[in-house]
Amino acid sequence: MTGPTVDGAALEGVAATCLWTLRNRAEESRHPGSAFTDPLAERLQQRISYDYARFGKPGQIHPLRAAALDVALRAYLERHPAATVVALGEGLQTTYWRLGRPDVDWLSVDLPPVIDLRRRLLPAEPRMTSIPGSALDRGWLDRPDPARGVFISAEGLFMYLERDDVLALIADCAARFPGGQLFFDAIPPWLSRRTLRSGPRGRPPSSTLPEGTDNSGLRLSARYTVPPMPFGLTVSEAARVLGRIPGVAAVEDRQPPPGRGAWRPGVLRRVADLPGLRDLRPSITLVSFAG
């Protein structure tokens, strides 16, 4: 992928978070000790001129989430090879190309500035359709053929929405796509509250932020605070609340694939799945619809 660079500063608010996740996937793909590979993300990051350092230190949570989606999506397409994939709030995800299945019908739903960036930077694909708009606009529900199977991904999306909107959207998907699946990730309620916290300007005694910076919200660096994330969900709550939605057949907590360091198989990963403690961590959920 070649061409002139594009200024990423045009993206603001929630739309700009796609640059955060892109940076983390690209950096992990470049890491010599990583099993995660995403060469298109590497090239895409180089095409977008942006101050990526404002997102702080790169982490593995986004590439491992992407790898977990790859596993779930491939498994569904093995059973439903003619299925349509709907990527809600897709941002600058490169799942389609990592999948290596050009025969799959793909709907990419995101805000107009992000769709515009995708069209300018990513390869045009005959089976991929871009839909500019909010995932909460139900027009996209009419596009897939439920009889062929539908897999819906919502990577890094639901936490930015209100709780009632998320649950209503899941209910509508369950009603419209019997036999389909929904993949999404969530943050725990304590972290959601942190992102919503407001406070006076200044630093707590242990802060490493410069004098005069805003201490409210969740800061990745002195120059970046993540947008508010009003929707938080624990692993236990997901099974209990989503399981009561009509048309939901199963709710499964999915651990990300092993990574490097603390993300390797071992005690820490097992501890993270203990009752009580697992409700304090971010989660990945796979919802299966009856039918």
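These numbers were taken from a predicted model, which means no experiment stands behind them. Every chain's residues receive numbers from 1 upward, in the order its sequence appears when written. Residue-level local features of this predicted model are given only where pLDDT is at least 70; pairs of side-chain atoms are given and counted only at 80 or more, and the full residue set underlies all totals for whole chains, interfaces and linings. To get the side-chain values, take all heavy atoms of the structure and skip hydrogens and water.

Draft legend 1. Inspection of the overall build of the protein chain at higher detail. From N to C terminus, the protein chain includes 9 helices and 11 strands. A radius of gyration in this sense is built from C-alpha atoms; the matching globule rule multiplies 2.2 Å by the number of residues raised to 0.38. Relative to the compact-globule value of 19 Å for 291 residues, the protein chain shows a C-alpha radius of gyration of 19 Å, a close match. For the exposure calls, accessible area comes from a 1.4 Å probe over protein chains only, and a residue counts as buried if that area is under 20% of its type's maximum, exposed if over 50%, partly exposed in between. Taking all 291 residues of the protein chain together, the buried fraction comes to 51%. Residue contacts follow a heavy-atom distance rule, with two residues in contact if any of their heavy atoms lie within 4.5 Å. By sequence separation, contacts in the protein chain at least 24 residues apart represent 71% of the contacts at least 6 residues apart. Each accessible area is a Shrake-Rupley result for a 1.4 Å probe, and residues are judged covered by the shown protein chains and nothing else. Per element, the accessible surface of the protein chain, about 13200 Å² overall, is 55% carbon and sulfur. Computed over 37 positive and 31 negative side-chain charges, the inter-centroid distance for the protein chain is 5 Å. Per the convention used, a helix needs a DSSP run of H or I reaching at least four residues, while a strand needs a run of E reaching at least two, with both numbered from the N terminus. Asp and Glu count as negative and Lys and Arg as positive, but His and the ends of the chain are not part of the count. For this purpose, a charge sits on NZ of Lys, CZ of Arg, CG of Asp or CD of Glu.

Draft legend 2. Examining a nonpolar patch on the surface more closely. Distance thresholds for patches are 9 Å for like charges and 5 Å for nonpolar side chains (Val, Leu, Ile, Met, Phe, Trp, Tyr), applied to residues having over 30% relative accessible area and no salt bridge. Should a side-chain nitrogen of Lys or Arg be within 4 Å of a carboxyl oxygen of Asp or Glu, the pair is scored as a salt bridge. A contiguous nonpolar patch, built from Trp-190, Val-271, Leu-274, Leu-277 and Leu-280 and spanning about 440 Å² of accessible area, is present on the exposed surface. Within the element layout of this structure, Leu-274 appears in the loop between helix H9 (267-271) and strand E11 (283-289). Judged by relative accessible area, Leu-274 falls into the partly exposed class, the value being 41%.

Draft legend 3. Representation of empty space enclosed by the protein. Method remark: on a 1 Å grid restricted to protein atoms, a set of points is classed as a cavity if a 1.4 Å probe fits but cannot get out and as a pocket if it is open with protein on both sides within 12 Å along at least five of seven lines; lining residues have an atom within 4 Å of a point. Grid points are joined across faces, edges and corners, and a volume is the space filled by probe spheres set on the points. Taken as a whole and judged by the stated rule, the model has 1 cavity of 30 Å³ or more. Listing elements by their share of the lining of the largest cavity, those giving two or more residues are helix H3 (61-79) and strand E3 (84-88). The greatest single-element share of the lining of the largest cavity, amounting to 3 residues, is contributed by E3. When residue character is reported, Ala, Val, Leu, Ile, Met, Phe, Trp, Tyr, Cys and Pro are called nonpolar, Asp, Glu, Lys and Arg charged, and the others, Gly included, polar. Considered class by class, the residues forming the lining of the largest cavity number 6 nonpolar, 4 polar and 2 charged.

Draft legend 4. Fine view of the pairing of strand E7 (residues 181-186). With 6 of its 6 residues buried, E7 lies for the most part within the structure. Where burial is concerned, the two faces of E7 agree: the one with Gln-181, Phe-183 and Asp-185 and the one with Leu-182, Phe-184 and Ala-186 are both buried. Inspection of the sheet shows strand E6 (residues 150-154) paired to E7 by 4 bridges, in the parallel sense. Bridging from a neighbouring strand, Ala-154 pairs with Phe-184 of E7. Clockwise travel from the first strand over the helix to the second, with the strands pointing away from the viewer, marks a crossover as right-handed. Note that the unit made of E6, helix H6 (residues 163-176) and E7 has a crossover that is right-handed. When DSSP finds at least two bridges between two strands, those strands are taken to pair. Where E7 lies against E11, 6 bridges are found, and the strand directions are antiparallel. Within the sheet, the bridge partner assigned to Leu-182 lies in E11 and is Val-287.

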